[in-house]
Amino acid sequence: SERGVYKTVDGGNTWSKSLFIDNNTGAVDLLLDPANPEILYAATWERERRAWNFSEGGPGSGVYKSTDGGETWKKLDMGKEFPTGQGAGRIGLTATLVNGKTILYASVDNQVRRPSEMKSESGLTKDQLRKMDPKTFLSLPEEEVKTYLRQYNFPEKYNYSYIRNQIEQGEISPIALVEYVEDANSLLFDTPVVGLQVYRSENNGKKWTRTHEGYLDNIYYSYGYYFGQIRVSDQDPDKIYILGVPIIKSDDGGKTFKGINGQNVHGDHHDLWINPDNDDHLILGNDGGINISYDDGTSWIKCNSPAVGQFYAIAVDMAKPFNVYGGLQDNGVWKGSHTNRESDRWHSSGHYPFEMILGGDGMEVAIDSRDNSTVYTGFQFGNYFRINTITGQRKRITPKHELGERPLRWNWQSPIHLSIHNEDILYFGANKLFRSLDKGNNFSAVSKDLTTGGRKGDVAFSTLTTIHESPLQFGLLYVGSDDGLVHMSPDGGNTWKNITDGLPENMWISKVYASAFKKSRVYISLNGYRWDNFTPMCYVSEDYGATWTRIAQELPLEPVNVIKEDPVNPDLLYIGTDHGLYISLDKGQTVMLMNNNLPAAPVHDLVVHPRDNKLVVGTHGRSIYLADARPIQQLTPENQNKPLMVFDIPNVRYSSQWGNLSWFSDTEPEISFVFYSANAGTVNIKIKNDEDGLLNEIKKEVKKGLNQITYDLTVNKMTPEQYSAFVNKGGTNQAAEIRIETAQNGKLYLYEGIYTVEITSGNNKVTAEFEIE
């Protein structure tokens, strides 16, 4: 009931709803007439999205007009050609002014089915095979069947002779050749609907005319609901742009179009700004970022500095330094060193620190730690590969169903899991669980269907979403599904037990995670936003899932995407929600937001490096972030009872350039002191040399809990002469005569040597050392 158009006359303080169609129809575009601000046009769209189905249109879709500043509305008659009823999909609107007259354009995703003979298939088609009897099939020319088999990538074992024999013996029917290839991915790209159409009005919406003849193919690819944007130049009413998978342009009012997707321009376009004073100047927003053109799309600049990557999954290898891997929405799978700190330096070096290793919508990643170059990863709907990142060699590893069986159901983000006990063993989840004992060369199903069995719809559903094997016992397996089931196998998939009882029903299982500290312990997170349920759902079981206890109940109303246990501290949990990262120091009894420098973006995955104890967080919208997990790993109950505690301080390499003025870089050093205080208040920090001489002193107000104070390595309690004398008398183990001088910025910096940090709070004092190397 919240759908519709709203109006405010007091700058947004209050709103009134002026247009409402029904509970399944919303307003998707809103346009002010450039000639008269009292005239508005609104596009409405009837649609319904479920996890298993998308209804892309309906009778609520249409174009409405208001002549009284949006107070009242009237639905426009768009003409006989314009789709109505269930065929009326998403509509986009745009307008321009020519000699005081408004020119309107509307783009529509026409969901009306095309006539069978007009479908863009050649030769033997799936529609023909659906209705074909065996006798007719056996009379088909051999090459026609072979062409079909090649077109749909049938495995070699299903050659013409085999299939002909199977049909002759009555083992399969011709329709099996259709069912074999109709998985969610193929259905997504089949185009049986009319698709994109463009209409124009030159009389304020009284009459609309389609601008083009025939079909505008390869723009929407049957999912026009994802796009629906149209733009027109303010200088030329015949120059229009359509945003789809490619971006296309017309210079003749929509009669003909040409593509203007540049070589450095991503696909899937969602926004376009045309400079009203110079229509050669375009700013384009798409799934790859932002592009700018100054020559009307002939060439483009890629503006990729903002960190807006949408990561689905994160993984790390065991190289030194270790690499981070991530799968991104519509931007493939990328790999790079965790030591990278994002900057524009690569613009001059010509080498971006991260590299793409696979395209598509990048998904989960697993790396063989024995060589750190064998990587298992893939793109949407279970299309996975084994890749050698050194040689570039790749092999497709996705298991296939048998001819005569319905295709396997693969989740958009199909889960994989590499066994920690034997890294030749890879688990792979469809609607059943598969296991390979030979690095993905061969898979065998180790379960029956572990979902509720599927629902009728046009989106892959009743699929596995998460897999984990206990680090403490080989073959102790847990899997979860998108339709709310959790199963456990104690014996490598030989037997399975449904352990869903006690959990909320029907929720998407976002993560299952077996403990590395207690064999019977397992954590689980559930995500309910697809049911309009934003309750944060995290549970733990201490008895292999026989019973469940809800934890992390302090979380705000945010869907949970991931829960993981720390590899060092058994009490420490990490929880990623749609609004940030939370940690718990007591197995989920209480939680805290961990957001220092981490944007309030959805956290879809995270990993703590098992050797280096770095926390890597993949956000769905603001790219990848890194934190040192060691301080929070040490916040055990024992250490939390201490009034004051300081953590190890990293060493710093000395530079004679510290404080020297530079036009190109910041030459001021810094080091961080991380400490825990049981109470808020003032702390006094002293930096001393090894003879207890005071070099600097800092007073800070701190909070209860973890605190981090940055120190610039300056000396302010000694003059340069005093500090030089100290250095030269051997206080820092220097033999040669050294003269320490003030830097160009007027500051005196520490020289090589070992230093002591003394932190005092009330009657409590702790010390730690660090070295200037």
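Right, let's walk through the structure included here. (Residues numbered from 1 in each chain as written. Predicted model: local features only at pLDDT ≥ 70, side-chain atom pairs only at ≥ 80, totals over all residues. Heavy atoms only, no water.)

**Re the overall build of the protein**
- Scanning the protein from terminus to terminus reveals 10 helices and 54 strands.
- Referenced to the eigenvectors of the C-alpha coordinate spread, the extents of the protein come out at roughly 95 × 75 × 50 Å.
- Long-range contacts, defined here as pairs at least 24 residues apart, represent 51% of the contacts in the protein between residues at least 6 apart.
- With an accessible surface of roughly 35900 Å², the protein has 47% of that area assigned to carbon and sulfur atoms.
- Of the charged side chains in the protein, 77 are positive and 98 negative, and the gap between their average positions amounts to 3 Å. (Helix = DSSP H or I, 4+ residues; strand = E, 2+ residues; numbered from the N terminus. Contact = heavy atoms within 4.5 Å. Areas by Shrake-Rupley, 256 points an atom, 1.4 Å probe, with all protein chains shown as cover. Lys, Arg positive; Asp, Glu negative; His and termini not counted. Charge placed at Lys NZ, Arg CZ, Asp CG, Glu CD.)

**Observations concerning the pairing of strand β45 (residues 603-608)**
- β45 sits mainly inside the fold: 5 of its 6 residues count as buried.
- Taken together, the 5 bridges between β45 and strand β46 (residues 614-619) define a ladder with antiparallel strand orientation. Pairing of D605 across the sheet is with G618, part of β46.
- The antiparallel pairing of β45 with β46 creates a hairpin that spans 5 residues between the two strands, and N613 there sits at a positive phi of about 55 degrees. (Buried < 20%, exposed > 50% of the residue type's maximum accessible area, 1.4 Å probe, protein only. Pairing = 2+ DSSP bridges.)

**Topic: the sheet that holds strand β52 (residues 705-711)**
- Taken in spatial order, the 3 strands of this open sheet run β48-β49-β52, and their pairing is antiparallel. Taken across any chain shown, the strands that pair with only one partner, and hence form the sheet edges, are β48 (644-646) and β52. Across the sheet, the mean angle separating the axes of adjacent strands is 25 degrees when strand polarity is ignored.
- Note that β48 and strand β49 (residues 671-677) share 3 bridges and pair antiparallel. Looking at the pairing, M645 lines up with Y676 of β49. (Axes fitted to C-alpha atoms, helices over the stretch in contact; angles between N-to-C directions.)

**Quick look at the sheet that holds strand β16 (residues 258-259)**
- Read from one edge of the open sheet, 4 strands run β13-β14-β15-β16, paired in antiparallel fashion. Edge positions in the sheet fall to β13 (229-232) and β16, since each of these pairs with one other strand and no more.
- Note: strand β15 (residues 247-250) against β16, 2 bridges, orientation antiparallel. What sits directly across from K249, in β16, is K258.

**A closer look at helix α4 (residues 160-168)**
- Every buried residue of α4 is accounted for by Y160, I163, Q166 and I167. Seen from one end, α4 has its buried residues packed into an arc of 135 degrees, which puts them on one side.
- Those residues of α4 that are buried lie in contact with α2 (134-138), α3 (142-151) and α5 (176-179).
- Where α4 starts, the residue carrying a side-chain oxygen 3.2 Å from the main-chain nitrogen of S161 turns out to be N159. (Arc of directions from axis to C-beta. Polar contact = N/O pair within 3.5 Å; in protein donor to acceptor, adjacent residues only side chain to side chain.)

**Brief notes about the environment of I274**
- As for its placement among the helices and strands, I274 is situated in strand β17 (residues 269-274).
- As for I274 and S293, which are separated by 19 residues in sequence, their C-alpha atoms are 9.9 Å apart.
- When sequence neighbours within four positions are dropped, the list of residues in contact with I274 reads R231, V232, S233, Y241, D279, H281 and L282.

**Comments concerning the pairing of strand β47 (residues 624-628)**
- Across 5 bridges, the pairing between β46 and β47 is antiparallel. Among the inter-strand pairings, V616 is bridged to a residue of β47, identified as L626.
- Hairpin connection, β46 to β47: the antiparallel pair is bridged by 4 residues, and G621 has positive phi, about 150 degrees.

**Here's the deal with the nonpolar core**
- Grouped together as the largest cluster of nonpolar side chains are 36 residues, with contacts concentrated most on I685, L713, Y723, L750 and F770.
- Listing elements by their share of this core, those giving two or more residues are β48, β49, β50 (681-688), β51 (694-702), β52, α10 (720-731), β53 (753-761) and β54 (764-772).
- Looking at this core, the element that brings in the most residues is β54, giving 4 residues.
- In this structure L750 touches Y654, W658, I687, L695, Y711, L713, V715, Y723, Y755, F770 and I772, once residues within four positions along its chain are discounted.
- Core analysis: the next-biggest nonpolar cluster, separate from the first, contains 21 residues, L124, F137, Y158 and L403 among them. (Core = buried A, V, L, I, M, F, W, Y, C linked by side-chain atoms within 4.5 Å.)

**As for unusual backbone geometry**
- In this structure, P321 follows K320 across a cis peptide bond, with omega equal to -5 degrees.
- Structurally, P321 is set in the loop between β21 (311-316) and β22 (323-328).
- We note that N218 has phi near 60 degrees; this positive angle belongs to a residue other than glycine.
- Phi is positive for Y544, which is not a glycine, with a value near 60 degrees.

**Examining a nonpolar patch on the surface**
- On the surface, a cluster of nonpolar side chains totalling about 240 Å² of accessible area is made up of W273, I283 and I290.
- Topologically, W273 is positioned in strand β17. (Patch = residues over 30% accessible without salt bridge, like charges linked within 9 Å, V, L, I, M, F, W, Y side chains within 5 Å. Salt bridge = Lys/Arg side-chain N within 4 Å of Asp/Glu carboxyl O.)

**A look at the packing of aromatic side chains**
- Tallied over the entire structure, the rule returns 29 aromatic pairs.
- An aromatic cluster of three or more residues is present, and its members are W45, F54, Y220, Y223, Y225, Y226 and F227.
- Here the basic side chain of R530 rests over the ring of W508, its NZ or CZ set 3.5 Å away from the ring centre. (Phe/Tyr/Trp six-rings, centres within 6.5 Å; stacked < 30°, edge-to-face > 60°. Lys NZ or Arg CZ within 6 Å of the ring centre and 35° of its normal.)

**Details of the environment of D361**
- With respect to the helices, strands and loops of the structure, D361 is situated in the loop between β24 (355-358) and β25 (365-367).
- A C-alpha to C-alpha distance of 9.1 Å links D361 and Y312, two positions 49 residues apart in sequence.
- With residues up to four places along the chain from it excluded, the contact list for D361 reads Y312, L328, Q329, D330, G378, F379, Q380 and W412.

**Looking at the environment of S481**
- Looking at where S481 falls in the secondary structure, it is placed in strand β34 (residues 477-481).
- The class of S481 is buried, set by a relative accessible area of 0%.
- For the pair S481 and Q151, spaced 330 residues apart in sequence, the C-alpha separation works out to 32 Å.
- When residues no more than four places from it in sequence are discounted, the contact partners of S481 are L450, T451, T463, L464, T465, M507, W508 and I509.

**Points about the pattern of salt bridges**
- Here the structure, examined in full by the defined rule, presents 35 salt bridges.
- Measuring nitrogen to oxygen at the nearest pair gives 3.2 Å for the salt bridge that ties E179 to R406. Placement of E179 in helix α5 and of R406 in the loop between β28 (394-396) and β29 (416-418) is noted, with a sequence separation of 227 residues between them.
- Residue E179 is classed as partly exposed on the basis of its relative accessible area of 23%.
- Among the ionic pairs, E758 bridges to K688, the shortest N-O distance being 3.0 Å. One end of the pair, E758, is in strand β53; the other, K688, is in strand β50, and 70 residues separate them in sequence.
- A network of salt bridges, in which partner residues are shared, links K239, K249, D251, D279 and D296.

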